[in-house]
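Next come the chains, spelled out residue by residue.
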Amino acid sequence: MDPVADLELRSVDLQTPKNNKDHHTQEMGVKHLILRRGQGFYIRLNFNRPFQPQKDHITFVAETGPEPTEQLGTQATFSFNQTQTQLGNVWSTSDFIMDSNSLQVSIFSSASAVIGHYMLKLEISQGQGHSATYPVGAFILLFNPWSPEDDVYLPSEILLQEYIMSDYGFVYKGNKSAITSWPWNYGQFEEGILDICFEILNKSLYFLMNPSKDCSQRNDVVYVCRVVSAMINSNDDNGVLQGNWGEDYSMGVSPLEWNGSVAILRQWSASGGQPVKYGQCWVFASVMCTVMRCLGVPTRVVSNFRSAHSMDGNLTIDTYYDQNAEMLPTQKPDKVWNFHVWNECWMIRKDLPPGYNGWQVLDPTPQQTSSGMFCCGPASVKAVREGDVHLDYDTSLVFAEVNADEVIWLLEKGQAQEILAHDTSSIGKEISTKMVASDRRQDITNSYKYPEGSPEERSVFMKASRTLLGPQRASSSLLDLLGSGEFEDPPVRLQLHLARTPEWGQDVLFILHVQTVPDRAHTQAPIRLRVHFCAQALLHGGGARPPLWRQMVDLNVDVGKEIQSLLLLPYSNYREKLTDEKQIRVSGIAKVEGTGRNILVLKDFCLQPPHLTIEVSEKAVVGKILRVHITLTNTLTVALANCVMVLEGSGLLSGQISENFGTLSPGHTIKVHLELYPIKAGSRQLQVLISSNEVKEIKGYKRIFVAEATTS
């Protein structure tokens, strides 16, 4: 070979398997080079002759997005330099090895580079203005929570394994007294999901209006989070999911019947970006968790029980009852969700004053607009706790969700007559997320607010109130009323308890506890009460259906004594009256004879479905047969019609397995035996959902550790 011939690039080895492993992207496969920014990767360049540093000048060009430019940050030009060392905020090369006609070189991307699909090119110049350009190859660049230079840096390997690498988790649902854990398959490493995540970004209104500008801002995790938050719902655009808080899901899939994110994302992409029907808060948040973990942002799913939505920003939610204890509909947009689910993403907030880094609330459920779009956040959890509601983004909304006061009114002839309760601690309960490296629930309420009733909690509440409402709050008519003698403690206390676990298909038995308060009873004579009870099916958004059961009880209580009274809600009363979530509120209003006082007592509960079991009969090994046994006994007094089972589990099977079992009679058992061939090693979760006409959500899961296949 002529030693003075022009240097020509003959082939390239992107060393994808090694690079992907080094960049913690090997779970996404080795078909494509997938990298994390701010970290080196190796490529081998094969030339027509040995590389001569004094004669051959090599320049790399990395480009992403339409019409890339250096000014926009979508193009990076950097020279091959034998002495250059890694710099975190610029693209560079280092650590070269020459071997005959090949050159191995390490390339570092900027820790603040735009994420996306890149094309890497090589320019070779040999003097006299002669140069040639060669394509080196394509790669995908993601955020890098392993890099101290990246805004999403999370300095804990155990947390990174949970919030980036774990492809399954739990969503917490139900009510604050009976929290249930729902397994969910995030599946962020499943085939095609990474491409769909960038497809989501490329279908956003920001990209459609100005593609070059949108791509140039994808170096900013705050910007990317807001775009994804808007795109998971479809209120402004052809986002991933269409919300449905009604009760007719005949045009799509009930939100209760999703097992994971993968089927939703694939359906959205395959349809050309038509919103998938249907989602509610836990579906929106779980799909966003998949997208953000896939893009490299540490993310978790958080449930807030009794979550307020204060549209007018006054930090007060009003609820109304009539004298028969029926919760009444209201024209006000304010509401209290039974529970609401959002995301937290981990990041540095360079756009805020110091002290607000760490977990940030992102909420893709379309509740109200933020800067003209249906998205929410990122709102610093620290800012929420400290009442700094003026800080971006949407901190005041999140503050109200966990801190609003609830005022319950007695309504007569359309007019509010009496405050039955002013509760400063009923909103924002049992804020929950999955515990790290465990299947247990972690209560993170204290990260959102100081302990209820503490001086700090009330101080923060008043601080936020002054910011949102101004100083006139101090003279509000509501506070005047609350401070008057009209709102003193009642002479008796009422509590409702469940006598046993409430199961769907069974009568529900309650115990009413009545206890006098001696220093509040102005007479030694027995206190006479007339208590009206009402049961209503709760809607997820906080409203209720018309009454399904009423009862009236007259009671005499001696001063200083306690009595109990049994109440029975028959199955026949609620059988055809509930929503798919099977939540009921029993309300009671006791009128104290001779005082004109009314006392409110409430009990919310979920009816529990039958329980299924999942067993595996041997050790799980990649590529080896794994026998799974699923059992469901119908413990109810009614048949379950049109039973359909869906299995899902990233790393255990591709896609889903679905079987229809027809009708399951009372007392009968379904036994299913399946053979799986695990695909990936590591900790995996098999999710099983059995739905029927009567009960939509009989869910179970099995955590399975899959061993690598041994070579003989």
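Everything discussed here concerns the structure shown above.
Definitions and limits used
Residues numbered from 1 in each chain as written. Predicted model: local features only at pLDDT ≥ 70, side-chain atom pairs only at ≥ 80, totals over all residues. Heavy atoms only, no water. Helix = DSSP H or I, 4+ residues; strand = E, 2+ residues; numbered from the N terminus. Contact = heavy atoms within 4.5 Å. Areas by Shrake-Rupley, 256 points an atom, 1.4 Å probe, with all protein chains shown as cover. Lys, Arg positive; Asp, Glu negative; His and termini not counted. Charge placed at Lys NZ, Arg CZ, Asp CG, Glu CD. 1 Å grid on protein atoms, 1.4 Å probe; cavity = no way out; pocket = protein on both sides within 12 Å on 5 of 7 lines; lining within 4 Å. Points joined across faces, edges and corners; volume = space filled by probe spheres on them. Pairing = 2+ DSSP bridges. Axes fitted to C-alpha atoms, helices over the stretch in contact; angles between N-to-C directions. Expected span 1.5 Å × (residues − 1). Buried < 20%, exposed > 50% of the residue type's maximum accessible area, 1.4 Å probe, protein only. Polar contact = N/O pair within 3.5 Å; in protein donor to acceptor, adjacent residues only side chain to side chain. Nonpolar A, V, L, I, M, F, W, Y, C, P; charged D, E, K, R; others polar. Core = buried A, V, L, I, M, F, W, Y, C linked by side-chain atoms within 4.5 Å. Salt bridge = Lys/Arg side-chain N within 4 Å of Asp/Glu carboxyl O. Arc of directions from axis to C-beta.

Chemist: Quick question: what am I supposed to make of the overall build of the protein chain here?
Modeler: Counting its secondary structure elements, the protein chain contains 14 helices and 37 strands. The principal-axis extent of the C-alpha atoms belonging to the protein chain is close to 115 × 65 × 40 Å. Restricting the contact set of the protein chain to residue pairs at least 6 apart, pairs at least 24 apart contribute 67%. Accessible surface for the protein chain amounts to roughly 29100 Å². Of this, 49% is attributable to carbon and sulfur atoms. Side-chain charges of the protein chain comprise 62 positive and 77 negative groups, with the mean position of each set lying 4 Å from the other.

Chemist: In this structure, what is going on with the layout of surface pockets? I would like to understand it.
Modeler: One simple way to see leftover space: roll a probe sized like a water molecule over the atoms. As a volume, the second largest pocket reaches approximately 570 Å³. Surrounding the second largest pocket, 29 residues form its lining, Thr180, Gln608, Pro609, Glu697 and Lys699 being those nearest its centre. Mapped onto the lining of the second largest pocket, the elements with two or more residues apiece are β10 (168-175), β11 (178-185), β30 (612-616) and β37 (698-707).

Chemist: Hey, could you run me through the sheet that holds strand β6 (residues 92-99) in this one?
Modeler: Adjacent strands of a sheet pair through backbone hydrogen bonds, lying either parallel or antiparallel. Judged by pairing direction, the sheet is antiparallel, and its four strands sit side by side in the order β1-β3-β7-β6 without closing on themselves. In the strand order of this sheet, the two ends are held by β1 (9-13) and β6, each with one partner. Strand-to-strand twist across the sheet, computed as the mean angle between neighbouring axes with direction ignored, equals 25°. Pairing geometry for β6 and strand β7 (residues 102-108), over six bridges, is antiparallel. Following the sheet pairing, threonine 93 is matched in β7 by isoleucine 107.

Chemist: Explain helix α8 (residues 281-295) to me, please; I cannot follow it from the model alone.
Modeler: Turn by turn, an α-helix covers 3.6 residues, leaving residues three or four places apart pointing in a common direction. Here α8 is 15 residues long and its end C-alpha atoms lie 21 Å apart, about the 21 Å a rise of 1.5 Å per residue gives. Within α8, 15 of the 15 residues are buried, which leaves the element mostly enclosed by the surrounding structure.

Chemist: How should I be thinking about the environment of aspartate 394 in this particular structure?
Modeler: On the secondary structure map, aspartate 394 appears in the loop between α9 (381-386) and α10 (395-403). Residues aspartate 394 and alanine 132 lie 262 residues apart in sequence; the distance between their C-alpha atoms is 51 Å. A distance of 2.8 Å separates a polar side-chain atom of aspartate 394 from the backbone nitrogen of glycine 377.

Chemist: Teacher, can you tell me more about empty space enclosed by the protein here?
Modeler: One pass over the structure, following the stated rule, counts two cavities of 30 Å³ or more. Around the largest cavity, the lining residues are Glu162, Tyr163, Gly169, Phe170, Tyr186, Arg293, Arg300, Val301, Thr433 and Lys434. Considering only residue class, the lining of the largest cavity consists of four nonpolar, two polar and four charged. For the second largest cavity, the calculated volume is near 30 Å³. The wall of the second largest cavity is formed by Val384, Arg385, Phe399, Asn403, Tyr448, Lys449, Tyr450, Glu457 and Val460. The set of elements that each furnish at least two residues to the lining of the second largest cavity consists of α9, α10 and α12 (455-469). A breakdown of the residues in the lining of the second largest cavity according to their chemical character gives five nonpolar, one polar and three charged.

Chemist: Quick question: what am I supposed to make of the nonpolar core here?
Modeler: Buried together is how nonpolar side chains tend to be arranged in soluble globular proteins. If you look at the biggest cluster of nonpolar residues, it comprises 88 residues, and the most contacted ones within it are Trp282 and Tyr448. In terms of residues, this core owes the most to one element, α8, which gives 12 residues. When sequence neighbours within four positions are dropped, the list of residues in contact with tryptophan 282 reads Val171, Lys173, Trp182, Trp184, Pro255, Leu256, Phe339, Val341, His540 and Glu581. Counting residues in hydrophobic clusters, the runner-up holds 61 residues, among them Leu512, Phe533, Val601 and Val672.

Chemist: Where do I start with the pairing of strand β8 (residues 116-125) in this structure?
Modeler: The side chains of a regular strand alternate, first on one face of the sheet and then on the other. Direction of pairing for strand β4 (residues 57-64) relative to β8: antiparallel, over a ladder of eight bridges. Residue pairing for β8: glutamate 63 is matched across the bridge by methionine 119. Where β8 folds back on strand β9 (residues 131-142), the antiparallel hairpin that results is connected by five residues, among which glycine 127 adopts a positive phi of roughly 85°.

Chemist: It is not clear to me how the side chain of arginine 37 should be interpreted in this structure. Could you clarify?
Modeler: Within the element layout of this structure, arginine 37 appears in the loop between β2 (34-36) and β3 (40-47). Here asparagine 219 takes part through its backbone oxygen, which lies 3.0 Å from a polar atom of the side chain of arginine 37.

Chemist: Can you walk me through the pattern of salt bridges in this structure?
Modeler: Taken as a whole and judged by the stated rule, the model has 34 salt bridges. Of the charged contacts in the structure, one is a salt bridge between glutamate 63 and lysine 121, with a shortest N-O distance of 3.4 Å. A residue pair is termed long-range when its members are at least 10 positions apart, and glutamate 63 in strand β4 and lysine 121 in strand β8 qualify at 58 residues. Residue classification places lysine 121 among the partly exposed positions, given a relative accessible area of 26%. A single network of salt bridges, built from pairs that share partners, joins Glu27, Asp167, Lys680 and Arg684.

Chemist: Explain the sheet that holds strand β14 (residues 299-309) to me, please; I cannot follow it from the model alone.
Modeler: Taken together, six strands build an open sheet; the order of strands is β18-β17-β16-β14-β21-β22 and the sheet is antiparallel. Each end of this open sheet is capped by a strand with a single partner; those strands are β18 (379-380) and β22 (441-443). Looking at chain direction, strand β21 (residues 429-434) and β22 are connected through three bridges and run antiparallel. Residue pairing in the sheet places lysine 434 in a bridge with arginine 441 of β22. Where helix α6 (residues 221-232) meets the sheet, it contacts β16 (335-347) and β17 (358-362), and its direction lies at approximately 145° from that of β16. Sheet contacts for α8: β14, β16 and β17; angle to β16, the most-contacted strand, approximately 5°.

Chemist: How should I be thinking about α12 in this particular structure?
Modeler: With 15 residues, α12 should reach 21 Å at 1.5 Å per residue; the first-to-last C-alpha distance of 21 Å fits that figure. Restricting attention to buried positions, one finds in α12 the residues Glu457, Val460, Phe461, Ala464 and Ser465. For α12, the arc enclosing every buried residue in end-on projection is 140°, short of the 170-degree limit, so these residues lie on one face. Looking at the buried residues of α12, the elements they touch are α9, α10 and β19 (405-412). Residue glycine 470 follows α12 closely and has a positive phi angle near 85°.

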